[in-house]
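In case you want the letters, here they are:
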Amino acid sequence: MSQVNQVKNGARFIKDIPHRESHDRCLWNARMRRDQTAQAIPEWEEMRDLASQIKEHTLSHLDHYLEEFEKNATANGIHIHWAETPEEHNEIIYQLLKQHNVTTATTGKSMTMDECDLRGYVEKRGMYIHEADLGECIQQLDNQMPDHIVVPAIHKLRQDVATLFAKKLGSDPDITDPHYLNGVMRAYMRKKYEKIEAGLCGVNFAIAETGGICVCSNEGDVDISQVVPPLLIASMGIEKVIPTLQGVALYVRLLSRSALGLDITQYTTHIHHPQPGQEMHIVILDNGRSKRLGSPDYWQVLKCIRCGACMNTCPVFRRTSGLSYEAVYMGPIGCVLMPSYDLHRYARLPYSCTHCGSCGDVCPVKVPIPELIFYWRGVDVDKHQSEKVHDAEETAAELMLRSSKTLAMGENMALWGLRNLPQWLLDSGLNPWADVHANPEPPKETFREYYRRNYKKIEFMNKTTDLHGFLSLNL
Amino acid sequence: MKVGFFVPCYIDALHPQAAISSYQLLKRFPELDVEFIERAACCALPLTDMGYHKKACTLERNLVPLLAPYDAIVLPSGVCTDQFRGHFDSVEQTDEVKHIREHTYDIVEFLHDVLKVKSLPWHPKFPARVALHNGCHSLRYLMMARPTELMIPHFDKAADLLGMVEGCEVGYATRRDECCGFGGTFAIWDAPCAGQQGLDKVSDYARNGFKHVVSQDFSCLMHQSGVARKNGLDLKFYYIAEILNGDAQP
Ligand code: SF4
Ligand code: SF4
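Residue numbers run consecutively from 1 along every chain, following the written order of its sequence. Key to labels: chains lettered from A, ligands numbered from 1, both in the order written. Reporting in this predicted model follows two pLDDT cut-offs: at least 70 for local features of residues, and 80 or more for side-chain atom pairs to be given and counted; totals over whole chains, interfaces and linings ignore these cut-offs and use all residues. Side-chain numbers here rest on the full set of heavy atoms in the structure, without hydrogens or water.

What follows deals with unusual backbone geometry. Residues and elements named next belong to chain A. Despite not being glycine, Asn101 has its phi angle at roughly 55°, a positive value. A helix here means a DSSP run of H or I that spans at least four residues, while a strand means a run of E at least two residues long, and both kinds are numbered starting from the N terminus. Mapped onto the secondary structure, Asn101 falls in the loop between α5 (86-99) and β2 (104-107). A positive phi angle, close to 65°, is found at His355, a residue other than glycine.

This part covers helix α7 (residues 107-114) of chain B. If you check which residues of α7(B) are buried, you get B:Ile107, B:Val108, B:Glu109, B:Phe110 and B:Leu111. You can read the cap of α7(B) off the contacts: a side-chain oxygen lies 2.9 Å from the backbone nitrogen of B:Val108, and it is on B:Asp106. Throughout this description, buried means an accessible area under 20% of the type-specific maximum (1.4 Å probe, protein chains only), exposed means over 50%, and partly exposed covers the range between. We call two N or O atoms a polar contact when they sit within 3.5 Å, provided that within protein one can donate a hydrogen and the other can accept it, with sequence-adjacent residues counted only if both atoms are side-chain atoms.

On to the domain arrangement of chain B. Residue and element names in this part refer to chain B. According to the domain assignment, chain B consists of domain 1 (2-114) and domain 2 (125-244). Bear in mind that the domain bounds are from an automatic or database domain assignment. Using only C-alpha atoms to locate each centre, domain 1 and domain 2 end up separated by 22 Å. Facing the 26 residues of domain 1 at the interface are 23 residues of domain 2. What gets called buried area is simply the loss in accessible area from a 1.4 Å probe that two parts show on being joined, summed for both. Counting the surface lost from both domain 1 and domain 2, the interface buries some 2,000 Å², and carbon and sulfur atoms represent 70% of this. A pairing counts as a salt bridge when a side-chain nitrogen of Lys or Arg comes within 4 Å of a carboxyl oxygen of Asp or Glu. On the surface where domain 1 and domain 2 come into contact, there are one salt bridge. Here Asp113 and Lys157 are joined by a salt bridge, their closest N and O atoms 2.7 Å apart. Between domain 1 and domain 2 we count six residue pairs in polar contact (both at pLDDT 80 or more) in total. Here, residues are in contact when the closest pair of their heavy atoms is within 4.5 Å.

Looking now at the packing of aromatic side chains. Given two aromatic rings, one states the distance between the centres and the angle between the planes to describe the pair. Put simply, two rings from Phe, Tyr or Trp (the six-membered ring, in Trp's case) pair if the centres are within 6.5 Å, and we call them stacked under 30 degrees between planes, edge-to-face over 60, tilted for the rest. In the structure shown here, the tally under the stated rule is 25 aromatic pairs over all chains. Ring geometry for B:Phe29 versus B:Trp122: centroids 6.1 Å apart, planes at 90°, classification edge-to-face. Residue B:Phe29 is found in the loop between α2 (16-27) and β2 (33-36), and its partner B:Trp122 is found in the loop between α7 and β5 (125-133); the two are separated by 93 residues along the sequence. Joined through ring pairs, the aromatic side chains of A:Phe447, A:Tyr450, A:Tyr451, A:Tyr455, B:Phe5, B:Tyr23 and B:Phe36 make up one cluster. Ring-over charges, as used throughout, are those where CZ of Arg or NZ of Lys falls within 6 Å of the ring centre and within 35 degrees of the ring normal. Sitting above the plane of the A:Tyr251 ring, A:Lys55 keeps its charged end 5.6 Å from the centroid.

Glancing now at the site of ligand 2. Near, as used in this document, describes a residue that has one of its heavy atoms within 4 Å of the molecule or strand being considered. Around ligand 2, a shell composed of A:Cys304, A:Ile305, A:Arg306, A:Cys307, A:Gly308, A:Cys310, A:Ile333, A:Cys363, A:Pro364, A:Val365 and A:Ile369 is seen. Of the residues assigned to the shell around ligand 2, the class counts are nine nonpolar, one polar and one charged. Polarity classes work like this: nonpolar for Ala, Val, Leu, Ile, Met, Phe, Trp, Tyr, Cys and Pro, charged for Asp, Glu, Lys and Arg, and polar for all others, with Gly in that last group.

Here we come to the nonpolar core. What tends to happen in soluble globular proteins is that the nonpolar side chains get buried as a cluster. What makes a nonpolar core is a set of buried Ala, Val, Leu, Ile, Met, Phe, Trp, Tyr and Cys residues whose side-chain atoms join them at distances within 4.5 Å. By size, the foremost hydrophobic cluster in this structure holds 177 residues, and its most contacted members are A:Phe69, A:Phe205, A:Ile213, A:Ile282 and A:Phe447. Among the elements that line this core, the one with the most residues is helix α12 (residues 245-260) of chain A, at eight residues.

Now for the sheet that holds strand β1 (residues 2-5) of chain B. Residues and elements named next belong to chain B. What makes two strands pair is DSSP finding at least two bridges between them. If you trace the four strands from one edge of the open sheet to the other, you get β2-β1-β3-β4, paired in parallel fashion. On the outer flanks of this sheet lie β2 and β4 (104-106), each paired with one strand and no other. Neighbour to neighbour, the strand axes of the sheet diverge by 30° on average, direction disregarded. Of the pairings in the sheet, the one linking strand β3 (residues 72-75) to β4 comprises three bridges and is parallel in character. Residue pairing for β4: Ile73 is matched across the bridge by Thr104. All axes here are fitted lines through C-alpha atoms, helices being fitted over the stretch that makes contact, and every angle between N-to-C directions spans 0 to 180 degrees.

In this section: the side chain of A:Gln140. The topology assignment puts A:Gln140 in helix α8 (residues 134-141). Non-local contacts of A:Gln140, meaning those with residues more than four positions away in its chain, are made with A:Arg119, A:Glu123, A:Tyr128, A:Ile129, A:His130 and A:Glu131.

Attention shifts here to the site of ligand 1. In the region of ligand 1, the neighbouring residues are A:Cys314, A:Pro315, A:Pro332, A:Cys353, A:Thr354, A:His355, A:Cys356, A:Gly357, A:Cys359 and A:Ile373. Within the shell around ligand 1, the residues separate by chemical class into seven nonpolar, three polar and no charged.

Our next topic: helix α3 (residues 44-60) of chain A. Residues that lie three or four places apart on an α-helix share one face, since the helix turns once every 3.6 residues. Residues and elements named next belong to chain A. The span one expects for a helix is its residue count, reduced by one, times 1.5 Å. In this model, α3 (17 residues) spans 24 Å end to end at C-alpha, consistent with the 24 Å of a helix rising 1.5 Å per residue. For α3, the complete set of buried residues consists of Trp44, Glu45, Met47, Arg48, Ala51, Ser52, Lys55, Thr58 and Leu59. Projected down its long axis, α3 shows its buried positions confined to an angular sector of 160°, all on one face. Of the residues in α3, the exposed ones pointing more than 90 degrees away from the buried face are Glu46 and Ser60. Contacts made by the buried residues of α3 are with α2 (17-39), α4 (62-75), β8 (241-242), α12, α13 (289-294) and α17 (358-362). The arc refers to the directions leading from the helix axis to the C-beta atoms.

Attention now goes to the sheet that holds β5(B). Residues and elements named next belong to chain B. With parallel pairing, the four strands of this open sheet are ordered in space as β6-β5-β7-β8. At either margin of the open sheet sits one strand with a lone partner, and together these are β6 (166-171) and β8 (236-239). The average angle at which neighbouring strand axes cross in this sheet is 35°, direction not considered. Its contacts with the sheet place helix α11 (residues 191-207) against β5, β7 (212-215) and β8, and it is angled at close to 140° to β5.

What follows covers the pattern of salt bridges. Residues and elements named next belong to chain A. Evaluation of the coordinates by the stated rule reveals 28 salt bridges over all chains. Here Glu115 makes a salt bridge to Arg289, at a shortest N to O gap of 2.8 Å. A residue pair is termed long-range when its members are at least 10 positions apart, and Glu115 in helix α6 (residues 111-116) and Arg289 in helix α13 qualify at 174 residues. Residue classification places Glu115 among the buried residues on the basis of a relative accessible area of 13%. For the salt bridge of Arg345 with Glu326, the shortest nitrogen-to-oxygen distance reads 3.4 Å. Separated by 19 residues along the polypeptide, Arg345 in the loop between α16 (331-337) and α17 and Glu326 in the loop between α15 (315-320) and α16 bring together distant segments of the chain.

Below, the structure written as structure tokens:
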């Protein structure tokens, strides 16, 4: 697959002013609400420390906790399956659906199912999986990837939704009233639900000591998956396990506050066994996670609890949209996670970052995203994955910056250019800076020149002992 | 105390006044023996930032003997200070290198934390309302102020120092510590996003009625002033030492 050019994709979204402004505003507001709710909890920073430590502890004893989880879940009457690859994951679920003669299933938001493209897999085999989360459902209708892991259709304006519903569901394209649009969706969903033969869902936390799972949602989509049909299949990555039920409380307190500034998710569903007469399965996916766990450099990405706070705060993400990353995980966490799935395809994502550091500071489990961005840029350079756009300029930079003498030469050239070249040339495509900036006004002299003119002689006379250093011209 | 004054490449060439004011400011303290490290060039940030660690290594190796002799190395730039403290690691971590990393300060930190300055006896004046822009590196990596993301007690070292300037009234943009989009090389290879971030930032100042913007990171201000001028906004930008040393007037 071709390399994702987030910069180019993002530039298109930036030009689309109404969408960009709305995206930026909605997500910034989420970040502001997050600040407010977090501020109200005196022990917030201690909670983040603890949440990070529990994740680190669990990840360093992952085999132990996964076995404990499997044992206890099995004792609760839940069937556990292990999948190493997306194909295995999809095939396990497909076979389960087939055994139960399922043609239509519903799914509450699941990142691992998105990661494996389960929907595509079963659709090719004649089944239909219907997204029950409103945002996901809108994206499914539009045949588009989610824009954000928590609010998948946040990049759409009301008018976009009205137009989409009109085209796909036959509603009035001119009515953009949210109550009307909700009504249209509700009527559509109800009809779908009548035919549901199996429910699928994701997992936020798998509890080793009890063998149960906890799933957080805001629309009750997971609960419909769980309660209505006779077959329930949950899917999770191996990193979702935590040791104790008590630990869940900590993460639930952090999750929704970080994500949307809500004190708690609307529905925090604990599932510890199948409903009477129901069959329940959990598929545990690896898909490169154990390899990530083994890496001393980037194992910390596995701490992520998928709250989306890093996306809300990222100045680049808010202005360029999640779609511009062309990835299942987008934004800051996407920049450091996706290269470990496909280094070539996602080699340029780590450059879509100003290094502002905000993502690391909002992350409830302290994934060191800014550090990992540095790491992946280094990997990209060493392995020559991304198009060689930066090689020439960086070699030139190294030659110029290596000593004060070469630097002075480079500076003088640049300043000469600023002072003497005609404006049209300075503003041309040769100077990308000029696309968005007025060029700097060149100063009369550099600091070095100023220093030599004003101080050097005096210091020289005061410090004849420093003669050698002063005269030495070998760099 | 023997202080080495390091001038980052972009300040040397594009805004030497930041270095002039800082150098003169340091020279005001009789207990300091201040020396401009003339032969030191760039801190290697543009290379490390883009992942070119091997190339950065050459630069870092050249710098070590030039910086090691000083008790403290002071820079008029938060982002370059963070480069030394946080990322000077392409080169072998000898005792000399460790000494450099632990004794490099941005001038705001140096005045605030090392010299513990409580007043500015030369009585600088700046009778105006200024928007303080804490650059991301100064803020989140060097912790010169409380980033709004962290739920810790409020502090702001640059604001403390500006508070000692007569008439200077410190305020902030509405999105006070959102990144302005400079990001070193980012402003060049992702110009559309950097430009939008910059425009959002300078419009925020203008909406809040600010005419003057001050920062301890002139790199951010180079970007912001370029965007402001391109968009015809009437804003003036100052490096913090220009105000602290009494060189700038509103
Ligand atoms: S450090 Fe980079 S990825 Fe993180 S919020 Fe800032 S710009 Fe986004
Ligand atoms: S990296 Fe942190 S902030 Fe981002 S989604 Fe994961 S847990 Fe949330």
